[in-house]
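Listed below, chain by chain, are the residues.
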Amino acid sequence: MSVGLEHYLALSAVLFGIGLYGALAKRNMIAILLCIEIMLNAVNIAMVAFSRYITPTALTGQVFVVFIMAVAAAEAAVGLAIIIALYRRRGTVDSTEIDSMKR
Amino acid sequence: MALDIGFWLLAIVGVGAALAVVLLRNVFRAALSLVLCFITVAGLYITLSADFLAAVQILVYVGAISILLILGIMLTRDIQRGSPANKLRLPAILAAAVFVGTVCFAVFNTPWRISTVAPLEPTTAALAGKLFGENGYVLSVEIAAVMLLAAVLGAIVLVREK
């Protein structure tokens, strides 16, 4: 069986699942950010696969990927700034210790 | 046939690198294997004949975002603790497995209408026409520019020393 749309979508789902597990289970906030980047890349693979196999000449999926990349860059910059600001105030990057809104 | 071999190689290396990101305790090594994962995603874009996006993936993700993440790790490194899992480890595995199972079930049971038209190649000019041409996405491009400016200003304000 030659590689088709289903294979790319299954790979995308597996990568998203790995990222989802990491984002839920990690304690280090930077590791959570890394896992969110994996999830965004998994979605991008699905978008490009749809664009390639369903509408090969319309390119709408690839346009979406360009915008997702811009949002991902902004998200990484702001997320890291928040983590560094928290590290300066609290001296930790452990997400289980940043719980002042729960008390 | 060559595309099939390329897909399986890239898929195995990419999933292995993603697992390494999640399972390695050393955050710096996790970031380096994330770079490997980004590179395999760029290769997957090439197998999907999205040449412009492959170049952008290398430039933006491998070049810029990974450097930003590694810089963040260097500023906040916690070598003794590493990045252990929290109490939610088993529920997280369960949630991820349920998600992957559901999506794979849906994907393999949907009758996709696969188009037989050959894909556009190269895609750069067509993509530029889509983004900037008539009835395109010009407004979204300008909103994305404003969003990037706001994000950069917000990052500067957040990390500036008082």
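Residues numbered from 1 in each chain as written. Chains lettered and ligands numbered in written order. Predicted model: local features only at pLDDT ≥ 70, side-chain atom pairs only at ≥ 80, totals over all residues.

1. Looking at the overall build of chain A
Counting its regular elements, chain A contains 3 helices and 0 strands. Reading chain A from its N terminus to its C terminus gives the helix and strand order α-α-α. Projected onto its principal axes, the C-alpha coordinates of chain A cover approximately 50 × 25 × 20 Å. Put simply, chain A has 103 residues, and 53% of those count as buried. (Helix = DSSP H or I, 4+ residues; strand = E, 2+ residues; numbered from the N terminus. Buried ≥ 20, exposed ≤ 12 C-beta atoms within 10 Å, placed from the backbone.)

2. Points about the overall build of chain B
Along chain B, the regular secondary structure elements total 6 helices and 0 strands. Each helix and strand of chain B, placed in order from N terminus to C terminus, yields the pattern α-α-α-α-α-α. Taken over C-alpha atoms, the radius of gyration comes to 20 Å for chain B, far larger than the 15 Å a tight globule of 162 residues would show. By principal-axis analysis of the C-alpha atoms, chain B measures approximately 55 × 40 × 30 Å. In chain B, of all internal contacts separated by at least 6 residues, the share reaching a separation of at least 24 is 54%. (Rg over C-alpha atoms; globule rule 2.2 N^0.38 Å. Contact = placed C-beta atoms within 7 Å.)

3. A closer look at the domain arrangement of chain B
Residues and elements named next belong to chain B. Split by domain assignment, chain B resolves into domain 1 (1–87) and domain 2 (120–162). Taken together, the contacts link 4 residues of domain 1 with 5 residues of domain 2. A breakdown of the residues in the side of domain 1 that touches domain 2 according to their chemical character gives 2 nonpolar, 1 polar and 1 charged. (Domains from an automatic or database assignment. Nonpolar A, V, L, I, M, F, W, Y, C, P; charged D, E, K, R; others polar.)

4. Here we look at the nonpolar core
A:I30, A:L34, A:I38 and B:V21 are the most contacted members of the largest nonpolar core, which totals 70 residues. Elements supplying a minimum of two residues to this core: α1 (5–25), α2 (29–53) and α3 (60–90) of chain A together with α1 (2–23), α2 (27–47), α3 (51–75), α4 (89–108) and α6 (138–159) of chain B. Sorting elements by how many residues they give to this core places α2(A) first, with 17 residues. Apart from the residues lying within four places of it in its own chain, the contact partners of B:V21 are A:G22, A:L34, A:C35, A:I38, B:A30, B:S33, B:L34 and B:C37. (Core = buried A, V, L, I, M, F, W, Y, C linked by C-beta atoms within 7 Å.)

5. Considerations on the interface of chain A and chain B
Contact residues are listed per partner, giving 60 residues for chain A and 74 residues for chain B. It is α3(A) that provides the largest number of residues to the side of chain A that touches chain B, a total of 18 residues. A class-by-class count of the residues in the side of chain A that touches chain B yields 44 nonpolar, 11 polar and 5 charged.

6. Structural notes on unusual backbone geometry
A negative phi angle is the norm for most residues apart from glycine, just as the trans form is the norm for most peptide bonds. All names here are of chain B. Notably, S49 is not glycine yet its phi reads approximately 55°, a positive angle. In this structure, N135 is a non-glycine residue whose phi angle is positive, near 55°. Its location among the elements puts N135 in the loop between α5 (124–132) and α6. Using a count of 6 C-beta atoms within 10 Å as the deciding quantity, one classes N135 as exposed.

7. Some thoughts on α1(B)
End to end, α1(B) covers 31 Å across 22 residues, agreeing with the expected 32 Å (1.5 Å per residue, within 8%). Restricting attention to buried positions, one finds in α1(B) the residues B:F7, B:L10, B:A11, B:G14, B:A17, B:A18, B:V21 and B:V22. Axial view of α1(B): buried residues confined to an arc of 145°, hence all on one face. For α1(B), exposure combined with an orientation more than 90 degrees from the buried face picks out B:I5 and B:I12. In this fold, the buried residues of α1(B) make contact with α1 and α2 of chain A together with α2 of chain B. (Expected span 1.5 Å × (residues − 1). Arc of directions from axis to C-beta.)

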